[in-house]
There are 2 protein chains.
Amino acid sequence: MQRVDYPKSLMEVTAERIRHAIVSGELPLGSKLSEQRLADALGVSRSPVRDALAALQSEGLVTISPKRGSFVFMPNLRVVDELCEHRAILETAVLRLGIVRNHGSLLRNLENATAEMERALAAQDPHGYTAGDHRFHNAIIMGAENRTTERSYNLTISPLKALRTHLFTIMSENTDRSMNEHFAVINAVRAKDAELAVSHLWEHIEHLAEAFRTKLSVEASKNTKRAM
Amino acid sequence: MQRVDYPKSLMEVTAERIRHAIVSGELPLGSKLSEQRLADALGVSRSPVRDALAALQSEGLVTISPKRGSFVFMPNLRVVDELCEHRAILETAVLRLGIVRNHGSLLRNLENATAEMERALAAQDPHGYTAGDHRFHNAIIMGAENRTTERSYNLTISPLKALRTHLFTIMSENTDRSMNEHFAVINAVRAKDAELAVSHLWEHIEHLAEAFRTKLSVEASKNTKRAM
DNA sequence: ACAGCAAAACTACCATGTTAGATGTTAGTT
DNA sequence: AACTAACATCTAACATGGTAGTTTTGCTGT
């Protein structure tokens, strides 16, 4: 007999659906949502939708305007900068710890992730490449074995994941440089040179922030549509 | 004329009340809550209480057990360690940035905070001392001017604030060492020696973690009571 | 055609009712 | 005394109705 895992509540399922719709690009950034419409579309009452939206707000994916409506988050340049910097702060700090605490498994996970990315790159599979990238950075976060930091990371990474799919519909042109940066981090980790690894990692994330900035300033002239 | 700030919703007020009750020690750690009882006690309906509890759960102050009840969070040694480490990660990273970006105002705020702490120490005012300490660490966080990191910090610091009031009812015996550590950080900041400041700060937070650990292992034999 | 303005539609907030699941209690059996 | 199961009680999850604030719409006069 195996212990039963708790069935997910309606609110959780609802939150997952909406989160996926945002991150996958189904719901445009800044688009208007509505408890009632979402409830009708998902076939549930307004209560779980309301709870889900509140949860997604604390994840940074949704902003709720009192008496006006709920909206998919709409990043400006400053917020994106801050998100990337926060990400860099967490990843670099955790990388320092991981190199000391779990050097073996950390290195192995990083290598697996880059292998997946190379495979996806050869197969021209943008989706797989993105998955590998997430796996790479996730391996860094897991290295310190600190659940609090993991939670904090997941909160800030959700909007960034959404941004990635919304801004980069095709595989970026900078994948070569990106791959090299990943390898640079790995090599430094392998050599247990924490400071070098950290500096490569910070630079890597900074490049991503730059890419976001240029894309955002181009697409700044879009207007909000109703999605739900 | 000043821009009016949005009137707070019932849910926000409710959340503030409950949060204050937890952080101030009014509600014991691990004690059972109940939407209905809280609603009756606060004179509101269950809806805002429910929303508030959900928000407090994402702050780490409350844990909700499906169909069973809500409880004030109950930390174990591991979680406290992780909270402190996460705090150290954020504060040290942000301190590095702050020294570069806002050296002047950062230093000024740190000095004001320690001045407040010394005043409180001379006046035997534990409450004021704690307030000064919070102001000190808050000054560090504000130094980088990154709202995302601020939010992340506030989420992790709430349980730690609660722990402080619940575990240290009297002013700690280690205030001398603590004050010296604060001064060590300030001096390093003044000299713009980021690495030295960071190492002092990390050590300071690590000492706090140790204090939590010893107190927790002593008080581990307490049982849960109903509070509301 | 356009500005002003009032009515209608829409929204989240809050209150309350209902329900399924979890827990505590007690009567009944061995 | 020990175990069991029916029962009562308590809980949060979910559904639904009312309300006040916001936005849109559509009419009106110019």
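Predicted model only: the values in this text are computed from it and were never measured. Every chain is numbered independently, its residues counted from 1 as its sequence is written. Whichever chain is written first is A, and whichever ligand is written first is 1; the rest continue in order. Given that this is a predicted model, residues contribute local features only at a pLDDT of at least 70 and side-chain atom pairs are listed and counted only at 80 or more, while totals for whole chains, interfaces and linings are drawn from all residues. Side-chain metrics rest on all non-hydrogen atoms present in the structure, leaving aside hydrogens and water.

### So, the side chain of Asn 102 of chain A
Residues and elements named next belong to chain A.
Reasoning step 1: For helices the rule is a DSSP run of H or I covering at least 4 residues; for strands it is a run of E covering at least 2, with both sets numbered from the N terminus onward. You can see Asn 102 is positioned in the loop between α4 (77-101) and α5 (103-122).
Reasoning step 2: Three exposure classes are used, based on accessible area relative to the maximum for each residue type with a 1.4 Å probe and protein chains only: buried under 20%, partly exposed in between, and exposed over 50%. A relative accessible area of 17% places Asn 102 in the buried class.
Reasoning step 3: Within 3.5 Å is the distance limit for a polar contact, defined as a pair of N or O atoms, with the added protein rule that one can donate a hydrogen and the other accept it, and that residues adjacent in sequence qualify only through two side-chain atoms. Within the structure, the side chain of Asn 102 is placed 2.6 Å from the backbone oxygen of Gly 143, a separation counted as a polar contact.
Reasoning step 4: Whether two residues are in contact is decided by their heavy atoms, any of which lying within 4.5 Å being enough. Once residues within four sequence positions are removed from consideration, Asn 102 is found in contact with Gly 143 and Glu 145.

### Here's the deal with the protein's contact with DNA strand C
Reasoning step 1: Around DNA strand C, the structure places 22 residues, and the nearest of them are Arg 50 of chain A together with Leu 10, Ser 45, Arg 46 and Ser 47 of chain B.
Reasoning step 2: We define proximity as follows: a residue is near a molecule or strand when any one of its heavy atoms falls within 4 Å of that partner. Counting only atoms of DNA strand C within 4 Å of the protein, the sugar-phosphate share comes to 74%.
Reasoning step 3: A distance of 2.5 Å is found between a phosphate oxygen of DNA strand C and a backbone nitrogen or oxygen belonging to Leu 10 of chain B.
Reasoning step 4: Elements with a contribution of two residues or more to the surface near DNA strand C: β1 (32-33), α2 (35-42), α3 (46-58) and β3 (69-72) of chain A together with α1 (10-23) and α3 (46-58) of chain B.
Reasoning step 5: Broken down by element, the residue count for the surface near DNA strand C peaks at 3 residues, all from α3 of chain B.

### A word on the interface of chain A and chain B
Reasoning step 1: Between chain A and chain B, the residue contacts involve 26 residues of the former and 26 residues of the latter.
Reasoning step 2: Put simply, buried area is how much 1.4 Å-probe accessible surface two parts lose in total, over both of them, once they are put together. Across the chain A to chain B interface the summed buried area is about 2,300 Å²; carbon plus sulfur atoms make up 47%.
Reasoning step 3: Here Asp 51 of chain B and Arg 50 of chain A are joined by a salt bridge, their closest N and O atoms 2.9 Å apart.
Reasoning step 4: Linking chain A with chain B are 15 residue pairs in polar contact (both at pLDDT 80 or more).
Reasoning step 5: Elements with a contribution of two residues or more to the side of chain A that touches chain B: α3, α4 and α7 (147-167) of chain A. Here, a salt bridge means any side-chain nitrogen of Lys or Arg that lies within 4 Å of a carboxyl oxygen of Asp or Glu.

### A closer look at the protein's contact with DNA strand D
Reasoning step 1: Neighbouring residues of DNA strand D: 22 residues in total, closest Leu 10, Ser 45, Arg 46 and Arg 68 of chain A together with Arg 50 of chain B.
Reasoning step 2: Of all DNA strand D atoms lying within 4 Å of any protein atom, the proportion belonging to sugar or phosphate reaches 70%.
Reasoning step 3: Contacts to DNA strand D include Leu 10 of chain A, whose backbone N or O atom sits 2.5 Å from a phosphate oxygen.
Reasoning step 4: Within the backbone of Ser 70 of chain B, one N or O atom sits 3.2 Å away from a phosphate oxygen of DNA strand D.
Reasoning step 5: Of all the secondary structure elements, the ones that give two or more residues to the surface near DNA strand D are α1 (10-23) and α3 of chain A together with β1 (32-33), α2 (35-42), α3 and β3 (69-72) of chain B.
Reasoning step 6: In terms of residue count, α3 of chain A provides more of the surface near DNA strand D than any other element does, 3 residues in total.
Reasoning step 7: The residue inventory of the surface near DNA strand D, partitioned by class, reads 5 nonpolar, 6 polar and 11 charged. Here the nonpolar group is Ala, Val, Leu, Ile, Met, Phe, Trp, Tyr, Cys and Pro; Asp, Glu, Lys and Arg are the charged ones; every other residue, Gly included, is treated as polar.

### Digging into the relation of the copies chain A and chain B
Reasoning step 1: With an RMSD of 0.1 Å, the fit of chain A onto chain B corresponds to turning through 180 degrees and sliding 0.0 Å along the axis. The superposition of one copy onto the other is thereby described by a two-fold rotation axis. Among all residues of chain A, the minimum C-alpha distance to the rotation axis is found for Ser 152 of chain A, at 3.1 Å.
Reasoning step 2: Both copies present the same face, since 100% of the interface residues in chain A are matched by interface residues at the equivalent positions in chain B. For this overlay, a least-squares fit was computed on C-alpha atoms, restricted to residues scoring pLDDT of at least 70 in both copies.

### Observations concerning the nonpolar core
Reasoning step 1: Definition used in this section: a nonpolar core is a set of buried Ala, Val, Leu, Ile, Met, Phe, Trp, Tyr and Cys residues joined via side-chain atoms within 4.5 Å. Among the nonpolar cores identified, the biggest contains 113 residues, and Ile 22, Leu 95 and Val 189 of chain A together with Ile 22, Leu 95 and Val 189 of chain B are the most heavily contacted of them.
Reasoning step 2: In this structure, Leu 95 of chain B is in contact with Leu 106, Ile 140, Val 185, Val 189, Ala 197, Val 198 and Leu 201 of chain B, ignoring residues within four places of it in sequence.

### Some points on the packing of helix α8 (residues 175-190) of chain A against helix α9 (residues 194-218) of chain A
Residues and elements named next belong to chain A.
Reasoning step 1: Contact geometry of α8 with α9 gives a least axis separation of 8 Å together with a crossing angle of 160 degrees. With respect to α9, the axis of α8 lies roughly antiparallel. Considering only the axes of α8 and α9, their crossing is left-handed. Where α8 approaches α9, its residues Arg 177, Ser 178, Glu 181, His 182, Ala 184, Val 185, Ala 188 and Val 189 are matched on the opposing element by Leu 196, Ala 197, His 200, Leu 201, His 204 and His 207. Each axis is a line fitted through C-alpha atoms, taken for helices only over the stretch in contact, and angles between the N-to-C directions span 0 to 180 degrees. In what follows, roughly perpendicular refers to angles from 65 to 115 degrees, roughly parallel to angles under 35, roughly antiparallel to angles over 145, and oblique to any angle outside these ranges. What makes a crossing left-handed is the near helix being turned counterclockwise from the far one by less than a right angle; a clockwise turn instead makes it right-handed.

### Considering the sheet that holds β3 of chain A
Residue and element names in this part refer to chain A.
Reasoning step 1: Only when DSSP finds a minimum of two bridges between them are two strands counted as paired. Ordered in space as β1-β3-β2, the 3 strands form an open sheet in which the pairing is antiparallel. The open sheet has two edge strands with one neighbour each: β1 and β2 (62-65).
Reasoning step 2: As paired elements, β2 and β3 share 4 bridges and run antiparallel to each other. Within β3, the residue paired with Ile 64 across the bridge is Ser 70.
Reasoning step 3: The strands touched by α3 within the sheet are β1, β2 and β3, with β2 carrying the most contacts at an inclination of about 115 degrees.

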